[in-house]
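These are the residues of each chain, in order.
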Amino acid sequence: MTSNNGEAKSGPLELSEVLYIETKDGGELPFEVVGILEDPDDGSSYAVLMHEPKDEEGESEFIVTDLEGNLLDDDDLAQEILDEFLVFAEEAGDEGGGET
């Protein structure tokens, strides 16, 4: 994975940072950090990243990583974090909140 400046990522991810994820066909897709969530039980933090397709008909794709940009191995945990983020984002939008 590389950051938006093409260098290998070092240090924790930050909001609006862009990571390029290599696809199975050898291409790369830009994913922007749209949320950072912390687990109140164990203090672990996770980043939610989103890829918006260039054509308007495609759906946005989400991935969940640790703060170093590593994809989570636990699919159930990743889905739980994504679900929490989407609920938070929807509530913020309903309240007239700004960016997520």
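Our subject is the structure listed above.
Here the residue index of a chain counts from 1 through its sequence in written order. The predicted nature of this model means local features are confined to residues of pLDDT at least 70 and side-chain atom pairs, given and counted, to a pLDDT of 80 or more, with totals for whole chains, interfaces and linings taken over all residues. Side-chain metrics rest on all non-hydrogen atoms present in the structure, leaving aside hydrogens and water.

With that settled, the discussion passes to unusual backbone geometry. Most peptide bonds take the trans form, and the phi angle of most residues other than glycine is negative. Backbone geometry places Ser 16, a non-glycine residue, at a positive phi of 75°. Looking at where Ser 16 falls in the secondary structure, it is placed in the loop between β1 (2-3) and β2 (18-22). Exposure is judged per residue with a 1.4 Å probe applied to protein chains only, and the accessible area is read against the type maximum: over 50% gives exposed, under 20% gives buried, and values in between give partly exposed. By relative accessible area, which is 45% here, Ser 16 ends up partly exposed. Helix and strand assignments come from DSSP, with helices taken as H or I runs of at least 4 residues and strands as E runs of at least 2, each series counted from the N terminus.

Bringing the packing of aromatic side chains into the picture now. The aromatic pairing rule takes the rings of Phe, Tyr and Trp, using the six-membered ring of Trp, and pairs them if the centres are within 6.5 Å, calling planes under 30 degrees apart stacked, those over 60 edge-to-face and the rest tilted. Across all of its chains, the model carries one aromatic pair by this definition. Ring geometry for Phe 62 versus Phe 85: centroids 6.5 Å apart, planes at 55°, classification tilted. Here Phe 62, found in strand β5 (residues 61-66), pairs with Phe 85, found in helix α1 (residues 75-94); they are 23 residues apart in sequence, far enough to count as distant. By relative accessible area, which is 28% here, Phe 62 ends up partly exposed.

Attention now goes to α1. Counting along an α-helix, one turn takes 3.6 residues, and residues three or four places apart therefore face a common direction. How far a helix is expected to stretch is found by multiplying one less than its residue total by 1.5 Å. The end-to-end C-alpha distance of α1, which contains 20 residues, comes to 28 Å, matching closely the 28 Å that a straight helix rising 1.5 Å per residue would cover. Listed in full, the buried residues belonging to α1 are Ala 78, Ile 81, Leu 82, Phe 85, Ala 89 and Ala 92. Taken end-on, α1 shows its buried residues confined to a sector of 100°, consistent with a single buried face. More than 90 degrees from the buried face of α1, the exposed residues found are Asp 76, Glu 90 and Asp 94. The contact criterion used is simple: two residues touch if any of their non-hydrogen atoms lie within 4.5 Å. Buried residues belonging to α1 abut β3 (28-38), β4 (45-51) and β5. Polar contact is defined as a pair of N or O atoms within 3.5 Å, subject to the rule that within protein one atom must be able to donate a hydrogen and the other to accept it, and that residues adjacent in sequence are counted only when both atoms are side-chain atoms. For α1, the N-terminal capping position is held by Asp 74, with its side-chain oxygen 3.0 Å away from the main-chain nitrogen of Asp 76. When we speak of the arc, we mean the arc of directions from the helix axis to the C-beta atoms.

Listed in full, the twelve residues of the largest apolar core are Val 34, Leu 37, Tyr 46, Val 48, Met 50, Val 64, Leu 72, Ala 78, Ile 81, Leu 82, Phe 85 and Ala 89. Listed by contribution, the elements that provide at least two residues to this core are β3, β4 and α1. At five residues, α1 tops the list of elements feeding residues into this core. Not counting residues within four places of it along the chain, the set of residues in contact with Leu 37 comprises Ser 44, Ser 45, Tyr 46, Val 48, Ile 81, Glu 84 and Phe 85. To form a nonpolar core, buried Ala, Val, Leu, Ile, Met, Phe, Trp, Tyr and Cys residues must be joined to one another through side-chain atoms within 4.5 Å. With eight residues, the next largest nonpolar core counts Leu 13, Leu 19, Ile 21 and Val 33 among its residues.

On to a negative patch on the surface. On the surface, a cluster of negative charge is made up of Asp 73, Asp 74, Asp 75, Asp 76, Glu 80, Asp 83 and Glu 84. Checked against the element boundaries, Asp 74 lands in the loop between β5 and α1. You can call Asp 74 partly exposed: its relative accessible area is 41%. Residues enter patches when they are more than 30% accessible in relative terms and free of salt bridges; like-charged ones are connected within 9 Å and nonpolar ones (Val, Leu, Ile, Met, Phe, Trp, Tyr) within 5 Å. The method behind every accessible area is Shrake-Rupley, applied with a 1.4 Å probe, and residues are considered shielded solely by the protein chains displayed. Any Lys or Arg side-chain nitrogen located within 4 Å of an Asp or Glu carboxyl oxygen qualifies as a salt bridge. Neither His nor the chain termini are counted; the positive set is Lys and Arg, and the negative set is Asp and Glu. To locate a charge, the coordinates of NZ of Lys, CZ of Arg, CG of Asp or CD of Glu are taken.

Each regular strand displays side chains that alternate between the two surfaces of the sheet. Note: two strands are recorded as paired if DSSP finds a minimum of 2 bridges between them. The pairing of β2 with β3 spans five bridges and is classified as antiparallel. Bridging from a neighbouring strand, Val 18 pairs with Glu 32 of β3. Remark: five residues form the turn of the hairpin made by β2 and β3, two consecutive strands paired antiparallel; Gly 26 in that turn has positive phi of roughly 90°. In terms of strand pairing, β3 meets β4 through six bridges, oriented antiparallel. Bridging across to β4, Ile 36 finds its partner in Ala 47. Turn length for the β3-β4 hairpin, with the two strands adjacent in sequence and antiparallel, is six residues, and the turn residue Gly 43 shows positive phi of about 80°.

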